[in-house]
Amino acid sequence: MGEEKAESYLYKLEAVLEKGRLLTVVVIAQTDERAFSSAENNLLRHTIAPPHIKELSLVEKKPLGRQGVGYVVETSTFA
Amino acid sequence: MAERKQWKWAADPSLNKMEFTKLEKDGLDVIEAIVNIYSKEGFASIESSDMDRFKWAGVYQQRPKDGHFMMRVRIPGGILNSEQARVLANIAEDYGRDLVDVTTRQAVQFHWLTVESLADIFDRLASAGLSSFEACGDCPRQIMGNPLAGIDPHEVLDTRPIVAELEKFFLLNRDFSNLPRKYKISVSANIHNAAHAQINDLAFTPAKKAMAGEEVIGFHVWVGGGLSAKPYLAKQLDVFVRPEEVVKVAAGVTTLFRDFGYRQKRTHARLKFLVADWGPEKFKEQLMELVGELEPGGIDLTSGWNGGYFYGIHEQRQAGLYYAGLSVPVGRMNAGELNELARLADEYGDGTIGTCNTQNVLIRNIPEAKVAAFRNEPMIVKRFKLQPNTFVGYAVSCTGTEYCNLAIVETKERMRSLAHYLDDTVVLETPLRIHMIGCPNSCGQRQIADIGLQGALVKTSNGMVEAFDIYVGGTLEEPQFNRKLNARITVDRLGPFLAQLITLYKADRQEGEPYWRYVERVGLSHIQAQVDAILQPA
Ligand code: HEM
Ligand code: SF4
């Protein structure tokens with residue numbers, strides 16, 4: 001026994017941008033705080049002009065211990 | 001170690017990784033390892049492959065992963081006796097930091113256990129006829145039932161012997177200790193669906209059928225229900241099952257799940273996926289191939305849903321005897337309180353205690369002459385109330401970040417204080433069921449709540465703030481899951497927000513209209529408009 005093992009999680013976050021645009025961001029991190037900052041970094045990398053993030057929320061985390069852990073991200077329909 | 005089964009799926013290379021772990025060594029074998037090795041040599045001695053198997057012993061690592069465990073104890077059908085309650089209280093006191101939780105499937109949960117204590121805990125449980133085995137893991141879990149079985153004026157037969165038989169048949173049965181995934185059974189002959197049939201993998205609900213000129217009381221069978229991220233309501237099979245056939249049919253359904261259930265992906269392994277693929281017709285055919293011919297369905301005896309609530313003092317089936325439905329806010333008590341409950345059960349009742357899927361308890365068989373004194377017991381007046389305030393009385397919560405590794409937010413304490421706040425702020429004389437969960441797994445059964453609250457973390461200029469998504473209109477009365485509103489409410493505004501939302505319902509509702517029915521009548525978009533108005537910056 002002793003200190004907590006640093007376990008990594010696969011995090012799912014939701015970012016609301018201007019005009020109601022919603023982006024789902026998936027990152028690996030060891031803490032909730034780091035999940036947020038990684039998500040922000042990924043959002044920055046994803047856009048040329050810095051995105052105006054109106055709301056950023058963490059909605060799910062899954063331990064990385066098992067192969068195949070993942071999320072389904074619902075986007076738009078093309079029908 | 002018992003002889004290992006040769007399972008026919010063993011040759012399938014596309015099995016998920018956990019399946020290989022289970023094939024290598026049965027989950028139940030971990031019990032021996034815990035008793036003989038791990039409880040003596042400590043946490044560091046635990047083989048990593050065995051850590052997953054701990055679930056078959058009913059034990060899980062709690063958060064933070066620092067060597068402490070949570071344990072779930074089976075309370076078959078939600079009925080235990082005072083002696084068993086005392087044993088549970090003593091375990092909590094000696095090893096579990098004085099904490100006892102009643103769960104949403106009528107089990108009892110401990111926290112803070114160390115591996116060193118487990119062998120002694122198993123012994124103590126066994127000495128009282130209790131067990132934590134297979135309370136977690138890919139096996140038949142705690143059997144849900146009617147905590148009023150045997151005394152219930154609203155039941156059509158006493159299900160206690162049936163639950164006992166099922167428990168005896170499945171517990172530690174190595175024919176069924178390697179299922180594709182967790183497996184949850186519910187048995188109740190209460191006509192108000194006391195054991196939440198539609199959200200279990202296999203459920204038996206009361207039915208009758210005229211057979212050879214005689215009316216037979218038995219069961220209808222539901223398969224494939226479950227919540228978590230992809231909730232699914234169980235489907236009814238067109239069969240009528242006599243009481244003496246329940247074990248046979250349960251064995252058949254479980255065999256179908258074991259042999260045909262999907263083992264390639266754990267996320268696609270619950271019985272609901274097989275049922276959704278086959279449909280109830282094919283499922284019935286396959287079942288009859290295993291267990292023989294079954295009668296087509298009879299007449300459903302279920303009418304409505306009591307939500308699993310039994311507050312107050314009520315007449316039993318037996319004249320002159322009463323049961324008392326008590327409130328345990330969010331299911332949490334300490335050892336002293338559980339001991340006191342045992343004393344009350346002995347002194348006033350027949351020593352039996354019921355655990356409810358609403359995280360509450362009840363005391364059975366109180367003679368009329370003792371009812372008045374019972375009402376005046378300080379514990380009943382102050383703590384386990386007969387008539388709790390509306391919101392405290394109808395609040396359910398999962399474990400949350402306090403002990404759960406998957407949680408995103410704190411839940412239990414928050415739900416408790418939120419319920420108190422609402423009781424102080426809104427006067428509502430009718431039940432409004434609020435369920436709070438800390439992540440999408442939905443241990444607190446968010447989907448069937450009038451108002452479901454699911455945790456999220458929001459980044460604000462002041463750092464991370466806990467928040468909740470709001471879902472409305474869940475019920476098992478006319479079974480439907482609640483639906484999400486477009487509103488993520490940070491905890492500082494959650495109380496006032498809900499108070500406003502509920503006040504609007506109070507003003508708009510028709511006489512006696514429960515919240516879920518109101519949601520259906522006014523429509524989700526109407527409620528969303530109300531939410532938008534509440535959230536409008538002043
Ligand atoms: C350490 C704490 C816990 C952990 C890690 C945990 C984990 C989980 C997971 C992963 C699921 C989803 C299972 C699936 O996908 O089928 C689940 C579901 C569930 N759990 Fe828990 N749980 C915990 C505590 C509890 C407690 C305290 C209760 C009872 C109050 C509970 C009752 C349930 C129920 C009723 C479900 C819904 C199952 C269904 O119908 O699909 N769990 N839990
Ligand atoms: S719902 Fe999620 S947070 Fe709550 S106890 Fe279950 S797994 Fe943990």
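Details of the structure are given in the entry above.
Thresholds applied
- Residues numbered from 1 in each chain as written.
- Chains lettered and ligands numbered in written order.
- Predicted model: local features only at pLDDT ≥ 70, side-chain atom pairs only at ≥ 80, totals over all residues.
- Heavy atoms only, no water.
- Phe/Tyr/Trp six-rings, centres within 6.5 Å; stacked < 30°, edge-to-face > 60°.
- Helix = DSSP H or I, 4+ residues; strand = E, 2+ residues; numbered from the N terminus.
- Buried < 20%, exposed > 50% of the residue type's maximum accessible area, 1.4 Å probe, protein only.
- Lys NZ or Arg CZ within 6 Å of the ring centre and 35° of its normal.
- Pairing = 2+ DSSP bridges.
- Contact = heavy atoms within 4.5 Å.
- Axes fitted to C-alpha atoms, helices over the stretch in contact; angles between N-to-C directions.
- Buried area = accessible area lost by both parts, 1.4 Å probe.
- Salt bridge = Lys/Arg side-chain N within 4 Å of Asp/Glu carboxyl O.
- Parallel < 35°, antiparallel > 145°, perpendicular 65-115°, else oblique.
- Left-handed = near helix turned anticlockwise from the far one by under 90°.
- Nonpolar A, V, L, I, M, F, W, Y, C, P; charged D, E, K, R; others polar.

Caption draft 1: View of the packing of aromatic side chains. Residue and element names in this part refer to chain B. Tallied over the full model, the rule gives 21 aromatic pairs over all chains. With 5.6 Å between their ring centres and 90 degrees between their planes, W112 and Y403 make a pair best called edge-to-face. With W112 in strand β5 (residues 108–113) and Y403 in the loop between β17 (395–397) and α13 (412–425), this pair connects stretches of sequence that are 291 residues apart. Across the pair, Y403 and W112 agree in class, each one buried. Here Y505 and Y515 contribute two aromatic rings whose centre-to-centre distance is 4.9 Å and whose plane-to-plane angle is 75 degrees, an arrangement assigned as edge-to-face. With a gap of 10 residues between them, Y505 in helix α14 (residues 491–508) and Y515 in helix α15 (residues 515–522) connect regions that are remote in the sequence. Three or more aromatic residues joined by ring pairs make a cluster, and in this case those are Y38, F43, F54 and F69. One cation-aromatic arrangement involves R97 over W112; the distance from NZ or CZ to the ring centre is 3.7 Å. When the ring centre of Y471 is taken as origin, the NZ or CZ atom of R446, which lies over that ring, is 3.5 Å away.

Caption draft 2: Focus on the sheet that holds strand β4 (residues 100–102) of chain B. All names here are of chain B. Strand order in the open sheet formed by five strands is β1-β2-β5-β4-β14, and the pairing between neighbours is antiparallel. Across the chains shown, the open sheet's two edge strands, defined by having one partner strand only, are β1 (59–61) and β14 (332–333). Along the sheet, helix α4 (residues 82–95) makes contact with β2 (69–73), β4 and β5, crossing β5 at roughly 20 degrees.

Caption draft 3: Spatial organisation of the sheet that holds strand β3 (residues 79–81) of chain B. Residue and element names in this part refer to chain B. Taken in spatial order, the five strands line up as β3-β15-β16-β13-β12 in an open sheet, and their pairing is antiparallel. Strand pairing shows two members of the sheet lacking a second neighbour, β3 and β12 (312–315), which therefore form its edges. Geometrically, the sheet is characterised by an average inter-axis angle of 30 degrees between neighbouring strands, direction not taken into account. As paired strands, β12 and strand β13 (residues 321–326) are joined by four bridges and run antiparallel to one another. Bridge pairing links H314 to Y323 in β13. Along the sheet face, α4 touches β3 and β15 (352–355) and points at about 85 degrees away from the line of β3.

Caption draft 4: Broad picture of the interface of chain B and chain A. Taken together, the contact pairs 23 residues of chain B with 21 residues of chain A. Of the roughly 2,000 Å² buried at the junction of chain B and chain A (both faces included), carbon and sulfur atoms supply 52%. For the pair chain B and chain A, the interface holds three salt bridges. Across the salt bridge formed by E55 of chain A and R488 of chain B, the nearest N and O atoms sit 3.9 Å from each other.

Caption draft 5: Region of the structure containing the packing of helix α7 (residues 246–260) of chain B against helix α8 (residues 271–291) of chain B. Residue and element names in this part refer to chain B. As a packed pair, α7 and α8 sit with axes 10 Å apart at the nearest point and diverge in direction by 125 degrees. In terms of orientation, α7 lies oblique with respect to α8. Of the two elements, α7 crosses α8, and the hand of that crossing is right-handed. In this structure, α7 contributes K248, V249, G252, V253, T255, L256, F257 and F260 to the contact, and α8 contributes L271, L274, W278, F283, Q286, L287, L290 and V291. Taken together, the residues that form the contact of α7 with α8 break down as 12 nonpolar, three polar and one charged.

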